[in-house]
There are 2 protein chains.
Amino acid sequence: MSKNPIIILVKPQLGENIGTAARAMHNGALNQMRLVSPKAGWPNPKAIKPAAGGTSVLNQATVHSSVEDAIKDLNFVFATTARRRDMTQSVFTPRKAAELCHEYIAKGNQVGVLFGPERTGLNNDDLSRVDALINVPLNPDYTSLNLAQAVLLIAYEWFQAKEKTPEESLDTSGQDFASKKEVMEFFDHLEGELDRGGFLRVEHMRPNMIRNIRNIFQRRPLTSQEVRTLRGIISNLVDPYHPRS
Amino acid sequence: MSKNPIIILVKPQLGENIGTAARAMHNGALNQMRLVSPKAGWPNPKAIKPAAGGTSVLNQATVHSSVEDAIKDLNFVFATTARRRDMTQSVFTPRKAAELCHEYIAKGNQVGVLFGPERTGLNNDDLSRVDALINVPLNPDYTSLNLAQAVLLIAYEWFQAKEKTPEESLDTSGQDFASKKEVMEFFDHLEGELDRGGFLRVEHMRPNMIRNIRNIFQRRPLTSQEVRTLRGIISNLVDPYHPRS
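Reference entry: report on the structure contained in this document.

What counts as what
Residues numbered from 1 in each chain as written. Chains lettered and ligands numbered in written order. Predicted model: local features only at pLDDT ≥ 70, side-chain atom pairs only at ≥ 80, totals over all residues. Heavy atoms only, no water. Contact = heavy atoms within 4.5 Å. Salt bridge = Lys/Arg side-chain N within 4 Å of Asp/Glu carboxyl O. Polar contact = N/O pair within 3.5 Å; in protein donor to acceptor, adjacent residues only side chain to side chain. Helix = DSSP H or I, 4+ residues; strand = E, 2+ residues; numbered from the N terminus. Nonpolar A, V, L, I, M, F, W, Y, C, P; charged D, E, K, R; others polar. Pairing = 2+ DSSP bridges. Axes fitted to C-alpha atoms, helices over the stretch in contact; angles between N-to-C directions. Phe/Tyr/Trp six-rings, centres within 6.5 Å; stacked < 30°, edge-to-face > 60°. Buried < 20%, exposed > 50% of the residue type's maximum accessible area, 1.4 Å probe, protein only.

Quick look at the interface of chain B and chain A
So, step 1. Across the contact, 52 residues belong to chain B and 52 residues belong to chain A.
So, step 2. Put simply, chain B and chain A have 4 salt bridges between them.
So, step 3. Of the charged contacts in the structure, one is a salt bridge between Glu157(A) and Arg95(B), with a shortest N-O distance of 2.8 Å.
So, step 4. The tally of links between chain B and chain A comes to 30 residue pairs in polar contact (both at pLDDT 80 or more).
So, step 5. Elements with a minimum of two residues in the side of chain B that touches chain A: helix H1 (15-27), strand S5 (89-92), helix H5 (94-106), helix H7 (147-162) and strand S8 (168-171) of chain B.
So, step 6. In terms of residue count, the dominant contributor to the side of chain B that touches chain A is H7(B) (7 residues).
So, step 7. Residue classes in the side of chain B that touches chain A are distributed as 19 nonpolar, 20 polar and 13 charged.
So, step 8. Pairing between strand S8 (residues 168-171) of chain A and S5(B): 4 bridges, direction antiparallel.

Take a look at the structure:
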């Protein structure tokens, strides 16, 4: 049982492309590759260097003499296509297909994704053996992807559907955010100096100016260290170590 | 004014990588590339063939002597990084960053995305010139992407955020779905023959069997042509052209 979709390359022409596809699989934490009649035979030493960190994928790859043989133990198979064919089939985006992969695998099914030969793509007979198609929405003026890039987008979407990375985070290198007390003391410091310098002298504008200044600094959280730095800046502007000439 | 994010390659080492990056940009309908001090000079004939359909991107590319010069007219700049640095910055997924690109550009801002040299990535000084980072969530055991793949994922997410492709569609090559009348007549035909053949002979199981059979065929819409084909299959099974031996 594979807990990941199995990537099936049908008649890949160049060993280099098998290698770069393996690398892209490894980027998305996919590890099972099947090769249907690779043109240059298998194993192919030309695949190794382009696989970079993904050589473990190559080492586990299996070779099959036909698409039927490569998919016979699977329960649901997608095929990737760039072109529309004269057949009635369901077409999914990579993102939705990745969700379905997770759903079907969680229910105990084996799922595969077929990729065709570099120049021609999959033929209609191969497409008629699968449950659904994946078509990558791309610039209609130029939808051509090389094999590794097509594999990368599927592996990437698989990983995004699996990984719950927050869409935004503040990388503080482990430092805590400042407390509101620290931030308010910084504002008191800044506003006190601005009052002394006359920056806030127009009384009816003062409240609005203060709010706008605070909003500049509160757009994103500040760390305690950053608040200390800002206070040091104010002190230094008011009272330089070296009197300005 | 660019209506798309501008892709800025900082000190790219190989012309081939500039070409494959241009191709990936074109896949995602990005067209403005800026090159900061490309190592092998510019223009570079080695970029042309790898650019494939993306040569228009190369033709429009501009060369800059520094990151400052390449970003001075922009309003918001992202930088792509694979590694965490010892700096406090906002980090976005490519998906969220693509949404922000759309939002900021719609408000009239110019947005750019910086990519570092192939081997080293961007240095901390360059990162300190940008508003936010983009980090691609990938297999923690192997996050290394080549330049064109990193550009592809940004261009892909930009295009997904822009393009409202339905996540699932049924490609019927322009044929209409069958009407419910056609489908019901097909069920009448099938169930009539199964009654005659004795398949539905156990009376208390009959309603459930019929519902289950209907559900096999109604999982996805059928076209009128497919319904006619299914009826032809029933007729042929019941009454073959050539009597079976």
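What to know about the sheet that holds S8(B)
So, step 1. Reading across the sheet, the 8 strands line up as S3(A)-S2(A)-S1(A)-S6(A)-S4(A)-S7(A)-S5(A)-S8(B) and stay open at both edges, with mixed pairing between neighbours. Where the open sheet ends on each side, the last strands, each with one partner, are strand S3 (62-64) of chain A together with S8 of chain B. Within the sheet, the average angular offset between the axes of one strand and its neighbour, ignoring direction, is 30°.
So, step 2. Of the strands in this sheet, strand S1 (6-10) and strand S2 (33-36) of chain A are in contact with helix H1 (residues 15-27) of chain A, which crosses S2(A) at around 155°.

Focus on the packing of aromatic side chains
So, step 1. Under the defined criterion, the tally for this structure stands at 11 aromatic pairs over all chains.
So, step 2. Between Phe76(B) and Phe78(B) the ring centres are 5.1 Å apart and the planes differ by 65°, which places this aromatic pair in the edge-to-face class.
So, step 3. On the basis of relative accessibility, which here comes to 16%, the residue Phe76(B) falls in the buried class.
So, step 4. Taken together, a centroid distance of 5.1 Å and an interplanar angle of 85° make the contact between Phe186(B) and Phe217(B) edge-to-face. Within this pair, whereas Phe186(B) is found in helix H8 (residues 180-197), its partner Phe217(B) is found in helix H9 (residues 206-217), the two being separated by 31 residues in sequence.
So, step 5. Counting every residue linked through ring pairs, the aromatic cluster contains Phe76(A), Phe78(A), Phe92(A) and Tyr104(A).

Looking at the sheet that holds strand S3 (residues 62-64) of chain B
So, step 1. Read across the open sheet, the 8 strands follow the order S8(A)-S5(B)-S7(B)-S4(B)-S6(B)-S1(B)-S2(B)-S3(B); overall the sheet is mixed. Lying at the two open borders of the sheet, with one neighbouring strand each, are S8 of chain A together with S3 of chain B. Adjacent strand axes in the sheet meet at a mean angle of 30° when their direction is disregarded.
So, step 2. Packed onto the sheet, H1(B) meets strand S1 (6-10) and strand S2 (33-36) of chain B and runs at close to 155° relative to S2(B).
So, step 3. Set on the sheet, H7(B) makes contact with S1, strand S4 (76-80), strand S6 (111-115) and strand S7 (132-134) of chain B; between it and S6(B) the angle comes to about 155°.

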